[in-house]
Amino acid sequence: MGFIMEGAKEITPGERILQLRTERHYTREQLAYMADISGKFLYEIENNKKGFSAVTLLKLSKALDVSLDYIMMGNSAHKPENEIVATLERFNPNVLDNIERLLKIAYELTKGNK
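Worth saying up front: this structure is predicted, and the values here are computed from it rather than measured.

Enquirer: Can you break down the packing of helix H2 (residues 28–35) against helix H3 (residues 39–46) residue by residue, with the values?
Expert: For the pair H2 and H3, the least separation of the axes is 8 Å and the interaxial angle reads 105°. In this view, H2 runs roughly perpendicular relative to H3, as classed from their interaxial angle. The segment H2 lies against H3, with Arg-28, Leu-31 and Ala-32 engaging Gly-39, Leu-42, Tyr-43 and Glu-46. Each residue belonging to the contact of H2 with H3 can be placed in one class, and the counts come to four nonpolar, one polar and two charged.

Enquirer: Tell me what's going on with the pattern of salt bridges, and back it up with residues and numbers.
Expert: On inspection of all chains with the given rule, the structure shows seven salt bridges. Note that Lys-40 and Glu-44 form a salt bridge whose closest N and O atoms lie 2.8 Å from each other. Here Glu-44 and Lys-40 lie together in helix H3, a separation of four residues that amounts to about one turn. Given a relative accessible area of 12%, Glu-44 falls into the buried group. Among the ionic pairs, Lys-104 bridges to Glu-100, the shortest N-O distance being 3.4 Å. Residue Lys-104 and its partner Glu-100 are both found in helix H7 (residues 96–111); the two are separated by four residues, about one turn of the helix. Given the relative accessible area of 42%, Glu-100 is considered partly exposed. Connected via shared salt-bridge partners are Arg-21, Arg-28 and Glu-46.

What counts as what
- Residues numbered from 1 in each chain as written.
- Predicted model: local features only at pLDDT ≥ 70, side-chain atom pairs only at ≥ 80, totals over all residues.
- Heavy atoms only, no water.
- Axes fitted to C-alpha atoms, helices over the stretch in contact; angles between N-to-C directions.
- Helix = DSSP H or I, 4+ residues; strand = E, 2+ residues; numbered from the N terminus.
- Parallel < 35°, antiparallel > 145°, perpendicular 65-115°, else oblique.
- Contact = heavy atoms within 4.5 Å.
- Nonpolar A, V, L, I, M, F, W, Y, C, P; charged D, E, K, R; others polar.
- Salt bridge = Lys/Arg side-chain N within 4 Å of Asp/Glu carboxyl O.
- Buried < 20%, exposed > 50% of the residue type's maximum accessible area, 1.4 Å probe, protein only.

On their own, these measurements won't tell you what the molecule is for.
Okay, here's the thing in structure tokens:
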């Protein structure tokens, strides 16, 4: 149940949680606190010694700011709509109409490349 690269072993949800924690520079204790679980339980999850409930999955997903699907399957690590909105919010409101037009043009140009 995870992402498989050719010639590589499957990445488990626990390994994915460990990878995300490491990328975000959280200690095990920090992430456990953020997810309202014990550090020992998080260790067991990361090392594939214990499974976890949907409630724990949701807590970890929120703490790591990734989708449930990413933790379980490796799909969609980030919430792209949040990133797009955050990027658009950085623009001066006067240029947003031009950006919208550019996005529509880009979409039309790529429609034939599916």
